[in-house]
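# Understanding the architecture of this molecule
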Amino acid sequence: MSENNKALIPKVSRIYATAGSTNALAVRALAEGPPPPEGTVIRALAQTAGRGQGTNGWHASPGQNLTFSLVAYPTWLPLSRLFVLNQIASLAVAGAVAAYCPDETEVCVKWPNDVLVDNRKIAGILIQNGLRGTRLAWSVIGIGLNVNESNFPVDLMATTTTLGRQTDQPLLLDDVLTAVLNQLATNYNRALDNGLDELNGQYHHRLYRKGQLTNFYLPETDEQLQATITGVSQDGQLQLIDTQREQLSYRLRAIKMQPPTP
């Protein structure tokens, strides 16, 4: 490992009984005071304004799930490879979840960084980055993981799951958090130590519906599209091949995956 790089050692430094958004708290801490140490974890037992990608919200009953953000300073990462942070985080959550589930359980990463268990969403990730000129200055990795949730809104009940449901028992949040943070540290340090290709291979191994014909919706043109996922580019664009054998690439929020046909 390069002497100029510092291994990530996550440490829960700030715990809030209630917070609007742990990502917002982390970004504010970066802006207003001395920079938090690398690996600072900000956790909320209840999050009232949790965010997903874009304008999506995140549902979590108080004390039932994990909602936290980690501060990192991956200044070694080129801006062209920012998607590596999504891979680091989503693989960390997927790995921790898989360790709790029976061997036959399918744990996948849905582009760009949701984690699914047997086609149901169990976790979401939101990453925010700050630049200094043309270089990456800091990153905040926000994670929401359903652990013991039992009160999903009606419109989410058919498409979500929890870790407790997969194990048929309630789980200690601190234990699950430790498992996720250990995986985060392992993946981050692997990327730092020239392991980008290895992480990319792992991400594609877990990529949801890779190689399967899938229905998509294009919000900008209000079109429907049928295509097969072939991978994700280094800059995070979803790569597809349509039914006419044309190769396509789409950036985040330019395309939405539709639920599989029953």
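Scoring rules and cut-offs
- Residues numbered from 1 in each chain as written.
- Predicted model: local features only at pLDDT ≥ 70, side-chain atom pairs only at ≥ 80, totals over all residues.
- Heavy atoms only, no water.
- Helix = DSSP H or I, 4+ residues; strand = E, 2+ residues; numbered from the N terminus.
- Rg over C-alpha atoms; globule rule 2.2 N^0.38 Å.
- Buried < 20%, exposed > 50% of the residue type's maximum accessible area, 1.4 Å probe, protein only.
- Contact = heavy atoms within 4.5 Å.
- Areas by Shrake-Rupley, 256 points an atom, 1.4 Å probe, with all protein chains shown as cover.
- Lys, Arg positive; Asp, Glu negative; His and termini not counted.
- Charge placed at Lys NZ, Arg CZ, Asp CG, Glu CD.
- Phe/Tyr/Trp six-rings, centres within 6.5 Å; stacked < 30°, edge-to-face > 60°.
- Arc of directions from axis to C-beta.
- Salt bridge = Lys/Arg side-chain N within 4 Å of Asp/Glu carboxyl O.

## Topic: the overall build of the protein
Tallying secondary structure elements over the protein gives five helices and 12 strands in all. Radius of gyration (C-alpha) of the protein: 18 Å, near the 18 Å computed for a compact globule of 262 residues. Oriented by its inertia axes, the alpha-carbon framework of the protein measures out at about 55 × 45 × 35 Å. A total of 262 residues make up the protein; the buried ones form 51% of that total. Taking the intrachain contacts of the protein between residues at least 6 apart in sequence as the baseline, contacts between residues at least 24 apart amount to 66%. For the protein, the accessible area works out to roughly 13100 Å², and carbon and sulfur atoms hold 47% of it. Each charge class in the protein can be summarised by its mean position, and for the 21 positive and 22 negative side chains these summaries are 6 Å apart.

## Let's talk about the packing of aromatic side chains
Tallied over the full model, the rule gives two aromatic pairs. Between W76 and Y188, the aromatic rings sit 5.6 Å apart at their centres with planes inclined by 85°, giving edge-to-face as the arrangement. Here the residue W76 occupies a position in the loop between β3 (66-72) and α2 (83-100), and Y188 occupies one in helix α4 (residues 173-192), the gap between them amounting to 112 residues. The class for W76 is partly exposed, based on a relative accessible area of 22%. The exposure class of Y188 is buried, given its relative accessible area of 1%. Each ring, one from F83 and one from Y203, has its centre 5.5 Å from the other, and the planes form 85°; the classification is edge-to-face. With F83 in helix α2 and Y203 in helix α5 (residues 196-206), this pair connects stretches of sequence that are 120 residues apart. Across the pair, exposure class does not vary: F83 and Y203 are buried alike.

## Description of α5
An α-helical turn contains 3.6 residues, so any two residues separated by three or four positions project in the same direction. Residues L196, L199, Y203 and H204 constitute the buried set of α5. Angularly, the buried residues of α5 cover 135° about the axis, an arc narrow enough to put them on a single face. Exposed side of α5, more than 90 degrees from the buried face: D197 and H205 are the residues found there. Elements that come into contact with the buried residues of α5 comprise α2, β4 (107-110), α4 and β9 (223-232).

## Let's talk about the pattern of salt bridges
Enumeration according to the criterion identifies four salt bridges in this entry. In this structure, D174 engages R43 in a salt bridge whose closest nitrogen and oxygen atoms are separated by 2.8 Å. Here R43 lies in strand β2 (residues 40-44) and D174 lies in helix α4, a separation of 131 residues in the sequence. Taking the relative accessible area as the measure of exposure, D174 reaches 48% and is therefore partly exposed. Residue R43 is classed as buried on the basis of its relative accessible area of 6%. Residue E198 is joined to R190 by a salt bridge in which the shortest nitrogen-to-oxygen separation is 3.4 Å.

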